[in-house]
Amino acid sequence: MTTDRHRTHQHRTHQHRADRHRTHQHREDRPSSGKTRFDDIYDLPDPRGYFRTLAPYEYEIPHHAQSVFRRTRDLRRQASGDDRPSAVLDLCCSYGINAALLNHDVTLAELYTRYTSPKVAALTPQELIEYDKEFYARRRRPDATEIIGLDTAPNATRYALDVGLLDEAYAENLERHPPSPALCRAVGRTGLITVTGGIGYISHHTFDALLGCAREPLWVSAFVLRTVPYGRIAATLAAHGLVTVTDTSRTYPQRLFTSPEERRDAVREVIRAGADPTGLESAGRYHTRLHESRPRTD
């Protein structure tokens, strides 16, 4: 089965590789124009470059999402009345970091230490895959959930598949193309959609396409930068019967700014959105809000 998924993965990748940057240029809920792009770290053979690059900026949103996604997954299972949890679909899944944190006894801090260590730096990509297989197998939680990954990055998702972090992965660009039949079938058994860093790179088009494949009541748990509008996505979710509630009690820090220019741009965008950057973006970090969407009956 893994081989079949890889074949699907490769076919869709060639179709959509050129669309990735075009989608970013035409996105409707895109991040502010001054936001630093890290395009060169998202589709490497393994996550070492990702962690080395983001470590100085203390990228931390997956850490905050870990407990939130576990709680939401469990609430979704309770609401369904089924002892077996539905699958989780992680949008913009990259190297499977959210999957690693959801299904394994590991912290984001441990992953930073692991993937920036001299020992791991000396391994070939294939050696690292074998090393990681054993690492995650030993830390697999008894409540582990089936996780489906969706991203336009074929190398990153292949790593997550090979290591065992993802059960299925799809390198598809739903901003430009309808979902493949295989992806649509996977969404059909999904109960929860999660996303930590992708809103702005994906828009309401992706959510509309995914919810069009849904067979079960879907919940959505999304961390969204305060510089990025979420209204159009919330409206699309509402059209599919989901009510969105925003956690206004707190924000969740994402990362340090890379430059004074990036901070100025973020502050300007937050003010433009009608929010107050004081003590948050003005203090030097991007911050996110948590948006939870569920059927009205839930």
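Here the structure is shown first, and the text comes after it.
All values reported here derive from a predicted model rather than from experimental measurement.

Novice: Break down the overall build of the chain for me, with residues and values.
Specialist: When its secondary structure is counted, the chain shows 13 helices and 8 strands. Across the 298 residues in the chain, those meeting the buried criterion constitute 54%. When contacts within the chain are restricted to residue pairs at least 6 apart in sequence, those whose partners lie at least 24 apart make up 79%. Accessible area for the chain stands at about 13,100 Å²; split by element, carbon and sulfur atoms hold 51% of it.

Novice: How would you summarise the environment of Thr53 if you had to cite specific residues and measurements?
Specialist: Here Thr53 lies in helix α3 (residues 48-54). What makes Thr53 partly exposed here is its relative accessible area of 27%. Aside from chain neighbours lying at most four places away, what touches Thr53 is Phe38 and Ile41.

Novice: Let's hear about the state of the cysteines: which residues, and what values?
Specialist: Per the stated rule, a full pass over the model turns up 1 disulfide. Residue Cys92 stays outside any disulfide, its sulfur separated by 8.0 Å from that of Cys93, the closest cysteine. The exposure class assigned to Cys92 is partly exposed, which follows from its relative accessible area of 28%. Owing to a relative accessible area of 4%, Cys93 belongs among the buried residues under this scheme.

Novice: Lay out the pairing of strand β2 (residues 147-151) with the relevant residues and their values.
Specialist: With 5 of 5 residues buried, β2 is to be regarded as a mostly interior element. Residues of β2 alternate between two faces, with Ile147, Gly149 and Asp151 on one and Ile148 and Leu150 on the opposite face, all of them buried. Inspection of the sheet shows strand β1 (residues 87-91) paired to β2 by 4 bridges, in the parallel sense. In the sheet register, Leu91 faces β2, and the bridge partner there is Leu150.

Novice: Just give me the short version of the packing of aromatic side chains, but keep the residues and values in it.
Specialist: In this description, an aromatic ring pair is defined by two values, namely the gap between the centres and the angle between the planes. Taken as a whole and assessed by the stated rule, the structure comprises 12 aromatic pairs. Taking the centre distance of 6.5 Å and the plane angle of 85° together, the rings of Tyr50 and Tyr59 count as edge-to-face. Through a chain of ring-to-ring contacts, three or more aromatic side chains come together here, namely Tyr42, Tyr50, Phe51, Tyr59, Tyr95, Tyr112, Tyr115 and Tyr159. A cation sits over an aromatic face here: Arg114 above Phe135, 3.8 Å from the ring centre.

Novice: I'd love a proper account of helix α10 (residues 181-188), names of residues and values included.
Specialist: Those residues of α10 that fall on the buried side of the exposure criterion are Ala182, Leu183, Ala186, Val187 and Gly188. Of the surrounding elements, those touching the buried residues of α10 are β1, β2, β3 (168-171), β4 (190-195) and α11 (204-211).

Novice: Could you give an account of the nonpolar core, with specific residues and numbers?
Specialist: In this structure, Leu111, Tyr136 and Tyr159 are the most contacted members of the largest nonpolar core, which totals 43 residues. Secondary-structure elements contributing two or more residues to this core are α3, α4 (61-80), α5 (97-103), α6 (108-115), α8 (125-138), α9 (154-163) and β5 (219-225). If we skip the residues at most four places from it in the chain, Leu111 touches Phe51, Ile97, Ala100, Leu101, Val106, Phe135 and Tyr136.

Novice: Provide a residue-level description of the side chain of Gln254, including the pertinent values.
Specialist: For Gln254, the location among the structural elements is in strand β7 (residues 252-256). Owing to a relative accessible area of 5%, Gln254 belongs among the buried residues under this scheme.

Novice: A description of the layout of surface pockets should follow, citing residues and the corresponding values.
Specialist: Here the second largest pocket is characterised by a volume of approximately 180 Å³. The class makeup of the residues in the lining of the second largest pocket is 4 nonpolar, 2 polar and 4 charged.

Novice: I'd like a description of the pattern of salt bridges, backed by residues and values.
Specialist: Under the definition given, this model contains 20 salt bridges. Two residues, Glu281 and Arg226, come together in a salt bridge whose shortest N-O distance is 2.7 Å. Of this pair, Glu281 sits in the loop between α13 (260-272) and β8 (285-295) while Arg226 sits in the loop between β5 and α12 (231-239); the two residues are 55 residues apart in sequence, bridging distant segments of the chain. Take Glu281 and Arg226: they sit in the same class, and that class is buried. When the shortest N-O distance is used, the salt bridge between Asp265 and Arg268 registers 2.5 Å. Here the residue Asp265 and the residue Arg268 both occupy positions in helix α13, the gap between them amounting to 3 residues, near one helical turn. Residue classification places Arg268 among the partly exposed residues on the basis of a relative accessible area of 42%. When salt bridges with common partners are traced through the structure, they connect Arg73, Asp74, Arg77, Asp105, Arg141 and Asp143 into a single cluster.

Calculation rules
Position numbers for residues count from 1 along each chain, tracking the sequence in the order it is written. Local features in this predicted model are restricted to residues of pLDDT 70 or higher, and side-chain atom pairs are both shown and tallied only at a pLDDT of 80 or more, whereas totals for entire chains, interfaces and linings draw on every residue. For the side-chain quantities, the full set of heavy atoms in the structure was used; hydrogens and water were omitted. To qualify as a helix, a DSSP run of H or I must reach at least 4 residues; to qualify as a strand, a run of E must reach at least 2; elements of each kind are numbered from the N terminus. A simple rule labels every residue: compare its accessible area, found with a 1.4 Å probe on the protein chains alone, to the largest value its type can have, and call it buried under 20%, exposed over 50%, or partly exposed in between. Every residue pair with non-hydrogen atoms within 4.5 Å of one another is taken to be in contact. Accessible surface area values rest on a Shrake-Rupley calculation with a 1.4 Å probe, where residue burial reflects the displayed protein chains alone. Any two cysteine sulfur atoms lying within 2.5 Å of each other are counted as a disulfide. Should DSSP find at least two bridges between two strands, the strands are taken to pair. Think of it this way: a Phe, Tyr or Trp ring, Trp meaning its six-membered ring, pairs with another when their centres are within 6.5 Å, and the plane angle makes it stacked under 30 degrees, edge-to-face over 60, tilted otherwise. Comment: the charge-over-ring label is applied if NZ (Lys) or CZ (Arg) is within 6 Å of the ring centre and within 35 degrees of the ring normal. Among buried residues, the Ala, Val, Leu, Ile, Met, Phe, Trp, Tyr and Cys ones that are joined through side-chain atoms within 4.5 Å form a nonpolar core. Grid spacing is 1 Å over the protein atoms alone, the probe is 1.4 Å, and a cavity is where that probe fits but cannot get out, while a pocket is an open set with protein on both sides within 12 Å along at least five of seven lines and lining residues have an atom within 4 Å of a point. Grid points are joined across faces, edges and corners, and a volume is the space filled by probe spheres set on the points. Here the nonpolar group is Ala, Val, Leu, Ile, Met, Phe, Trp, Tyr, Cys and Pro; Asp, Glu, Lys and Arg are the charged ones; every other residue, Gly included, is treated as polar. Only one rule defines a salt bridge in this text: a Lys or Arg side-chain nitrogen within 4 Å of an Asp or Glu carboxyl oxygen.

As far as function goes, none of this settles anything; it's purely spatial.
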